[in-house]
Amino acid sequence: MIARDPARAALDEAARASRAKLLAVLATRSGDITACEDALAEAFVRAAQSWTTTGVPNSPEAWLLTTARNHLKDHFKSATFRTTTSLESENTEGFTMENIDPNAIPDERLKLMFVCAHPAIDEAVRAPLMLQTVLGLDATDIGQAFLLPGTTMAQRLVRAKRKIRDARISFVLPDRDDMGPRLESVLEAIYGAVAASWTRGAESDDPEHDLDREATFLSDLLVDLGPQEAEALGLAALLNFIIARREAQQDDAGTLIPLRDQDAELWNRRRLVRAETLLRRAKNAGDIGRFQLEAAIQAVHCDRRKSGKTDWISIVQLYEGLLRLTPTMGAAVAQAAAIGEAYGPQAGLDVLEKVEKNSGKNYQPLWAARAHLLEMAGQNAEAAYDQAVRLTKSAKALAYLSRKRERARHRRECGTVKADTD
Amino acid sequence: MRYTMFLYNDESAFTEPSPEEMQEQLAVYGAYIGALKEAGVFVDTDWLQPSQTATTITLKDGGKRVQDGPYADTKEQLGGYFVIDVPDLDTALEWAEKCPSVHSGQIEVRPSAMPEGQK
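Residues numbered from 1 in each chain as written. Chains lettered and ligands numbered in written order. Predicted model: local features only at pLDDT ≥ 70, side-chain atom pairs only at ≥ 80, totals over all residues. Heavy atoms only, no water.

Draft legend 1. Layout of the packing of helix H18 (residues 329-343) of chain A against helix H19 (residues 345-359) of chain A. Residue and element names in this part refer to chain A. Their axes nearest at 6 Å, the elements H18 and H19 cross at an angle of 165 degrees. It follows from the interaxial angle that H18 and H19 lie roughly antiparallel. The chirality of how H18 crosses H19 is right-handed. Across the interface between the two elements, Met329, Ala332, Val333, Ala336, Ile339, Gly340 and Tyr343 of H18 pack against Pro345, Ala347, Gly348, Val351, Leu352, Val355, Asn358 and Ser359 of H19. Class assignment for the residues of the contact of H18 with H19 results in eleven nonpolar, four polar and no charged. (Axes fitted to C-alpha atoms, helices over the stretch in contact; angles between N-to-C directions. Helix = DSSP H or I, 4+ residues; strand = E, 2+ residues; numbered from the N terminus. Parallel < 35°, antiparallel > 145°, perpendicular 65-115°, else oblique. Left-handed = near helix turned anticlockwise from the far one by under 90°. Contact = heavy atoms within 4.5 Å. Nonpolar A, V, L, I, M, F, W, Y, C, P; charged D, E, K, R; others polar.)

In structure tokens form, the structure reads like this:
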């Protein structure tokens, strides 16, 4: 392996580990997320120039904070800023940045998350805003996850940040009474990050991807913050179940291996134990919520490691509860697939038929599930795989579905359309 | 930071208050204004006559146009406002929640756009 440029490596590391932390520290003090993002970007640009010539500083984080802080102070003193905003003098002058010790930067990411989840922010933009500010996803990736064009998403994010600044929403953790509804948005965003982590995962050579690590860190923080919040525990359990399976989720070529075909021996046992403990704590905390139910579904899947088989009937029932609580297309399709496994493929196909009326014809998971059930039923699944392939954006799933489609075509050409025993 | 609370109400639901009711209303709002003043956040307020008394004027399209009635002919009409000076939106919302009219209508809370020193 070629030795990496130390300045480049330090910059990458700082961008990964420190960006959100620095943004949170700056934003909680200035209230202006966009200005802080700009200042941080400027600090990274200067670091790229300076670190290659003068060497990496002892504390890259402190260096970046000081540089961004100075840039921010210049911005708040600038003429354009003064004539276009209504921030009061105390905020620009005092701008209590001086009293952050660069060598002991506090972690204020949770405050940043809860600002994004404030009821004064449009509900639809809360999770995207958190994904961008706290987890560093770009508008295009977020747009893809929320089925919106990147430009539309970018505009909404800009508008939301402007509202936080102009209406002066303060960066504080909500008290117990206001915690509930805001916690829901925060949990939603953390969960969204793990979903995005999976689609982006191929870029990372680390089995526990960066976003996974960030998301579990944040969900652990939440558990510490409100140990009695059942849904925070439920999400933490769910994340641990999902992340426990990362290694088993793709083959060496980066092709997806669906849950039912995974080698349970490859699941991370330490993570599974932690997930089960968290799920137990969630159950004891009362209030069954969406994340607890999803974690319970994952727990049944992961029991296969011990029992050797999957209890599909329990999974169908848990999805029933989940659909009653939060009727999403994803859960409806997953339940149909589980019904196919529990009661035979035709039963699953019948349910999918109904789901399609709500989801429309362009919902990728619907076609992937249909193709699988058709195959189970010994019918021609080629057309369904065609649709699934056409609608797939993830490279890993694409590789898997293309291979399945080839086999379906092969079977049709040989005139032996029968159940796939792979 | 200064915030204005715009008090919106469904006027059609209003009936002409009796003198006692009027006294009661004045007392309730008087107490609220007293609380705002005591907290040192009060800037200004007014209580408006119903929107049928409104007259709307514009020079926007060249000539002067004066029209009878409010600008927007909606069911919920602006009935009054409070201007308060508080540190942040959450504090402004707390005061809005204490405003008597929050029980009968909507309150829109908006931050001031006026640069500091020109207020």
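Draft legend 2. Structural view of H19 of chain A. Residues and elements named next belong to chain A. End to end, H19 covers 20 Å across 15 residues, agreeing with the expected 21 Å (1.5 Å per residue, within 8%). Restricting attention to buried positions, one finds in H19 the residues Pro345, Gly348, Leu349, Leu352, Val355, Glu356 and Ser359. On its buried side, H19 packs onto H18 and helix H20 (364-376). Just downstream of H19, Gly360 is the residue with a positive phi angle, here 80 degrees. (Expected span 1.5 Å × (residues − 1). Buried < 20%, exposed > 50% of the residue type's maximum accessible area, 1.4 Å probe, protein only.)

Draft legend 3. View of a negative patch on the surface. A contiguous patch of negative charge, built from Asp175, Asp177 and Asp178 of chain A together with Glu94 and Glu97 of chain B, is present on the exposed surface. Looking at the negative patch, the elements with two or more residues in it are helix H11 (176-200) of chain A together with helix H2 (89-98) of chain B. Here Asp177 of chain A shows up in helix H11. A relative accessible area of 70% means that Asp177 of chain A is categorised as exposed. (Patch = residues over 30% accessible without salt bridge, like charges linked within 9 Å, V, L, I, M, F, W, Y side chains within 5 Å. Areas by Shrake-Rupley, 256 points an atom, 1.4 Å probe, with all protein chains shown as cover. Salt bridge = Lys/Arg side-chain N within 4 Å of Asp/Glu carboxyl O. Lys, Arg positive; Asp, Glu negative; His and termini not counted. Charge placed at Lys NZ, Arg CZ, Asp CG, Glu CD.)

Draft legend 4. A look at the nonpolar core. Within the largest apolar cluster, 106 residues are counted, with the highest numbers of intra-cluster contacts made by Met113, Ile190 and Leu222 of chain A together with Met5 and Ile84 of chain B. For this core, the leading source of residues is helix H13 (residues 230-244) of chain A, giving eleven residues. If sequence neighbours within four positions are ignored, Ile84 of chain B has contacts with Met1, Arg2, Tyr3, Met5, Leu36, Val41, Val43, Ala92 and Trp95 of chain B. Ranked by size, the runner-up nonpolar core spans 37 residues in total, among them Tyr319, Ile339, Val355 and Leu374 of chain A. (Core = buried A, V, L, I, M, F, W, Y, C linked by side-chain atoms within 4.5 Å.)

Draft legend 5. Structural context of the side chain of Gln132 of chain A. Residues and elements named next belong to chain A. Mapped onto the fold, Gln132 is located in helix H8 (residues 123-133). Its relative accessible area of 16% is what places Gln132 among the buried residues. Not counting chain neighbours up to four residues away, the residues in contact with Gln132 comprise Arg19, Glu37, Leu137, Ile142, Leu157 and Lys161.

Draft legend 6. A look at the packing of helix H21 (residues 382-391) of chain A against helix H22 (residues 395-414) of chain A. All names here are of chain A. Across the interface, H21 lies against H22 with an axial gap of 9 Å and an inter-helix angle of 160 degrees. Judged on the interaxial angle alone, H22 and H21 are roughly antiparallel. Relative to H22, H21 is oriented so that their crossing is left-handed. Residues Glu382, Tyr385, Asp386, Ala388 and Val389 of H21 touch H22, and the partners they reach there are Leu398, Leu401, Ser402, Lys404, Arg405, Ala408, Arg409 and Arg412.

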